[in-house]
Amino acid sequence: MISKEMEKAFNDQINAELYSEYLYLSMQAYFSRLNLQGFVNWFTVQVQEEHAHAMGMFDYVHERGGDVRLMAIDAPQTDWESPLACFEHVLEHEQLVTSKINALMDVAENERDRAALSFLDWYLKEQVEEESNVGGVLATLKLIKDDANALLLLDKDLAARTFVQPVIG
Ligand code: OFO
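Because the structure is a prediction, the values reported are computed rather than measured.

Participant: How should I be thinking about the overall build of the protein in this particular structure?
Facilitator: Counting its secondary structure elements, the protein contains five helices and zero strands. Ordered by position in the sequence, the α and β elements of the protein form the string α-α-α-α-α. Computed over C-alpha atoms, the radius of gyration of the protein comes to 17 Å, within 12% of the 15 Å expected from 2.2 N^0.38 for 169 residues, which places it in the range of a compact globule. With the C-alpha coordinates of the protein rotated into their principal frame, the extents come out at 55 × 25 × 25 Å. For the protein, the residues scored as buried account for 46% of the 169 residues in total. Sequence separation of 24 or more characterises 82% of the internal contacts of the protein that already satisfy a separation of 6 or more. Here the protein has roughly 9,100 Å² of accessible surface; of this, 53% comes from carbon and sulfur atoms.

Below you can see the structure in the form of C-alpha cells.
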C-alpha cells in the first residue's frame, strides 16, 4: 500500500507529465505553423513519450493500491521567437522535470518506500536521456543561426525520430 504523502507526490507528478505532453503539443502546433514537418514529427514523438510517462505513474499508483486524482492542466505557452528559443524552453523544462523527479524520490526516501524508489529509477535515467537529446538539437540550432538551408537539413533529420513504447519500471 502506498502512503498518502507518496500518493499525493505521484498525483502531482502525473499532472507535471501531462503538462509536459500539453506543452509539447503546443510546440508541435508552433512548428506546424512554420511548416517544418521534421520538427512536427519530433514533437509528435515527444508528446507520446510524455503521455507514456504519465500513464506509467497512473498505472503504478493503482498497482500500489493508491488513488489517482487528476487535476487541471495549466495552459501552455503557444508562441516562440524562433526554433532556437523553443528548444531553449524545452531544455529548461526538462531540467525542471528532472528536479521534480528528484523531489519525488526525496519523498520516497522519507517515506522509506523502496519499491517507489526503485520504480522511479527508470524516470531518473529517462531524464538524463531527455536532457541529452534536447541538448543535442539545441547545440545544432545554435550552430545553424540564420542559415535556412541548414535548418531544413536538421528538419529532415528530425523527421526520422520514431516512438518506441517504453517499458517503465
Ligand atoms: Fe516526462 O520527461 Fe520530459 O518532461
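Now that the structure has been shown, the text picks up again.
Participant: Hey, could you run me through the pattern of salt bridges in this one?
Facilitator: Where side chains of opposite charge bring their charged atoms close, a pairing between them can arise. Applying the stated rule across the entire model yields six salt bridges. Salt-bridge contacts for D113 lead to R64; the nearest nitrogen and oxygen are separated by 3.2 Å. Of the two residues, D113 sits in the loop between α3 (83-110) and α4 (114-144) while R64 sits in the loop between α2 (37-63) and α3, which places them 49 residues apart along the sequence. For the pair formed by D113 and R64, the shared burial category is buried. Taking the shortest distance from any N to any O, the salt bridge between D67 and R69 comes out at 2.9 Å.

Participant: Is there a simple way to explain the environment of L152 in this structure?
Facilitator: With respect to the helices and strands, L152 occurs in helix α5 (residues 148-158). Overall, the relative accessible area of 49% leaves L152 in the partly exposed class.

Participant: Is there a simple way to explain the side chain of S20 in this structure?
Facilitator: Structurally, the position occupied by S20 is in helix α1 (residues 4-33). Apart from residues lying up to four places away in sequence, S20 is in contact with E50, H93 and V97.

Participant: Even after reading the chapter, I still don't get α1, so can you show me in this structure?
Facilitator: Every α-helical turn comprises 3.6 residues, leaving residues that sit three or four positions apart pointing alike. With 30 residues, α1 extends 44 Å from end C-alpha to end C-alpha; this agrees with the ideal 44 Å at 1.5 Å per step. After α1 finishes, the residue N35 shows a positive phi value of roughly 60°.

Participant: I keep staring at the packing of α1 against α2 and nothing clicks. Help me out?
Facilitator: Axes are the key here: two packed helices are described by the angle between their axes and the distance separating the axes. At a minimum axis separation of 8 Å, α1 and α2 run at an interaxial angle of 165°. Classified by the angle between their axes, α1 and α2 sit roughly antiparallel to one another. Along this stretch, α1 crosses α2, giving a crossing that reads as left-handed. Along the lines of polarity and charge, the residues of the contact of α1 with α2 split into 16 nonpolar, eight polar and three charged.

Participant: Which parts of the structure should I look at to understand the nonpolar core?
Facilitator: A general tendency of soluble globular proteins is for nonpolar side chains to be buried together. M27, F31, F39, F43 and F87 are the most contacted members of the largest nonpolar core, which has 24 residues in total. Of all the elements in the fold, those that place two or more residues in this core are α1, α2, α3, α4 and α5. Counting residues in hydrophobic clusters, the runner-up holds 22 residues, among them M6, Y60, L117 and F119.

Participant: When you look at the packing of α4 against α5 in this model, what are you seeing that I'm missing?
Facilitator: Interhelical geometry of α4 versus α5 gives an angle of 160° and a closest axis separation of 9 Å. Comparing the axis directions of α4 and α5 gives the class roughly antiparallel. Seen from above, α4 lies across α5 with right-handed handedness. In this structure, α4 uses V137, T140, L141 and I144 to contact α5, whose residues at the interface are A150, L151, L154 and L158. Looking at the contact of α4 with α5 residue by residue, the class counts come to seven nonpolar, one polar and no charged.

Cut-offs and rules
- Residues numbered from 1 in each chain as written.
- Predicted model: local features only at pLDDT ≥ 70, side-chain atom pairs only at ≥ 80, totals over all residues.
- Heavy atoms only, no water.
- Helix = DSSP H or I, 4+ residues; strand = E, 2+ residues; numbered from the N terminus.
- Rg over C-alpha atoms; globule rule 2.2 N^0.38 Å.
- Buried < 20%, exposed > 50% of the residue type's maximum accessible area, 1.4 Å probe, protein only.
- Contact = heavy atoms within 4.5 Å.
- Areas by Shrake-Rupley, 256 points an atom, 1.4 Å probe, with all protein chains shown as cover.
- Salt bridge = Lys/Arg side-chain N within 4 Å of Asp/Glu carboxyl O.
- Expected span 1.5 Å × (residues − 1).
- Axes fitted to C-alpha atoms, helices over the stretch in contact; angles between N-to-C directions.
- Parallel < 35°, antiparallel > 145°, perpendicular 65-115°, else oblique.
- Left-handed = near helix turned anticlockwise from the far one by under 90°.
- Nonpolar A, V, L, I, M, F, W, Y, C, P; charged D, E, K, R; others polar.
- Core = buried A, V, L, I, M, F, W, Y, C linked by side-chain atoms within 4.5 Å.

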